[in-house]
Every structure is written in structure tokens, then in C-alpha cells.
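Chain by chain, the residues:
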Amino acid sequence: MKIIQSLSFAIIALAGLSSAKLKEGECEVCIKVVNDIIKVGKENKVSSMDAWNKQIKDHCKTVKNRENRFCYYIGATEDAATKIINEVSKPLSFSMPAEKICEKLKPKDAQICELQYEKQLDWSKIDLKKMKVKQLKKILNDWGERCNGCLEKTDFIKKIEELKPKYVKEEL
């Protein structure tokens, strides 16, 4: 009876370990932000947990959009309600890879791994005239640009075409 009990416990434990593994493309924002923090931290020769906390907070002041949302979730922004920043800084202090850190964060706050980047637009196939004004506005917003005085769809298209060489790298 004890053998069956031990085996069932071992099976349950192994099943729990395998579910913690990240799937392909999962936690992409977390992994990118943590890798960016690691890169800057190595350049600044950061080693202690407190120094990593400061590095994370400094990095989070410079990011926006999805990266900023990740910082909010771990408590590295001024307005964050939770503080699990130590769950990032402690593993960083002993050089744990970003993938493992994000894997450990997932059970603590599932929203962290739900953050995904939007797919990049394929500019060789886009027809701006067929897009909705809302989509055109989003393109400008993603670039950090505004279209002051734009009233019609053609105004937004002109503005995007005007800014396109600055933000879109054409493939040769």
C-alpha cells in the first residue's frame, strides 16, 4: 500500500513539474524585459539583490506599452499594487536565466505570461486605403506620432506615408 501511495505522489509531483515548463512563444514580454535587464545589469556590474531591484526599477522607468505592463505586474512601477519584484531580483542575483525566472513567475501571477507582442505588420502587403481609421490611428500611436488636424482617412494615410521611411525598414 505504501508503495502505491509513494508512486502516486511521485507521479503527481512530476506532472506538476512538467506543467511549469513554458511553451514556445509563452511569456515573450517577460523574457525580453528580463533579458534586457540582465544585459544592462551586466554592463553596470550589478550583483546584489538590492542593486538588481534598483536596476529593474530604473529600467522600468524607460519602457512603455507591454514592457511597462510587465513592470506594473511585478511591482517595479510607482503605481503598482503588488510587489513581487524580489521574485525577479533574487534569481538575477545568482545569474538565473530569464526563461527560468519567467517560468517561476507564471504561477505567482498568470497575467505576466499572458502578455504578448502584437504581430508586426507586413508593409509589403499592406494597403492603407483598405484599413479602418482606427487601425491607421493605432499605427501612428505605436510610432509615438500624432496626426493633428487629420479629419479624414486620406489625411491619416498621407501622414503615415510621410512618416513611413522613418519607421519602416524596407527589405531589399
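The preceding data block contains the structure.
Summarised in this report is the structure supplied together with it. Everything quoted here is computed from the prediction, not taken from an experiment.

## Observations concerning the overall build of the chain
Tallying secondary structure elements over the chain gives nine helices and zero strands in all. Each helix and strand of the chain, ordered N terminal to C terminal, gives the series α-α-α-α-α-α-α-α-α. Split into buried and exposed, the 172 residues of the chain put 34% on the buried side. Residue pairs in contact within the chain that sit at least 24 positions apart in sequence constitute 53% of those at least 6 positions apart. By element, 54% of the accessible surface of the chain is carried by carbon and sulfur atoms, the whole surface being about 12300 Å².

## Overview of the pattern of salt bridges
Side-chain pairs of opposite charge can arise where the charged atoms are in close proximity. If you walk through the whole model with that rule in mind, you get seven salt bridges. Its salt-bridge partner being Lys-32, residue Asp-36 comes within 2.7 Å of it at the nearest N-O pair. Taken together, the positions of Asp-36 and Lys-32, both in helix α2 (residues 28–43) and four residues apart, correspond to about one turn of that helix. Between Lys-125 and Asp-122 there is a salt bridge, with the nearest N and O atoms lying 3.8 Å from each other. By relative accessible area, Lys-125 is classed as exposed at 69%.

## Some thoughts on helix α3 (residues 49–60)
Its 12 residues give α3 an end-to-end C-alpha distance of 16 Å, which sits within 8% of 16 Å, the value for a rise of 1.5 Å per residue. Of all the residues in α3, the buried ones are Trp-52, Asn-53, Gln-55, Ile-56, His-59 and Cys-60. Buried positions in α3, seen along its axis, are confined to an arc of 165° and lie on one side of it. Along α3, exposed side chains directed more than 90 degrees from the buried face belong to Asp-50 and Lys-54. In the core, the buried residues of α3 are packed alongside α2, α4 (66–74) and α5 (86–93).

## With respect to the packing of aromatic side chains
In this description, an aromatic ring pair is defined by two values, namely the gap between the centres and the angle between the planes. By the definition in use, this model includes three aromatic pairs. Within the aromatic cluster, the residues linked to one another by ring pairs are Trp-123, Trp-143 and Tyr-167.

## Re the nonpolar core
Judged by nonpolar contacts, the single largest core of 30 residues is most densely connected at Val-34, Ile-56, Phe-70, Ile-74, Leu-92 and Leu-105. Counting only elements with at least two residues in this core, the list comes to α2, α3, α4, α5, α6 (98–105) and α7 (111–114). With residues up to four places along the chain from it excluded, the contact list for Leu-92 reads Val-34, Ile-37, Ile-38, Trp-52, Ile-56 and Ile-101. Counting residues in hydrophobic clusters, the runner-up holds 14 residues, among them Leu-128, Cys-150, Phe-156 and Leu-163.

## With respect to the state of the cysteines
Enumeration according to the criterion identifies four disulfides in this entry. Between the sulfur atoms of Cys-147 and its disulfide partner Cys-150 the distance amounts to 1.4 Å. Taken in N- to C-terminal order, the disulfide-linked cysteines of the chain are connected 1-6, 2-5, 3-4, 7-8.

Conventions used here
Residues numbered from 1 in each chain as written. Predicted model: local features only at pLDDT ≥ 70, side-chain atom pairs only at ≥ 80, totals over all residues. Heavy atoms only, no water. Helix = DSSP H or I, 4+ residues; strand = E, 2+ residues; numbered from the N terminus. Buried < 20%, exposed > 50% of the residue type's maximum accessible area, 1.4 Å probe, protein only. Contact = heavy atoms within 4.5 Å. Areas by Shrake-Rupley, 256 points an atom, 1.4 Å probe, with all protein chains shown as cover. Salt bridge = Lys/Arg side-chain N within 4 Å of Asp/Glu carboxyl O. Expected span 1.5 Å × (residues − 1). Arc of directions from axis to C-beta. Phe/Tyr/Trp six-rings, centres within 6.5 Å; stacked < 30°, edge-to-face > 60°. Core = buried A, V, L, I, M, F, W, Y, C linked by side-chain atoms within 4.5 Å. Disulfide = S-S within 2.5 Å.

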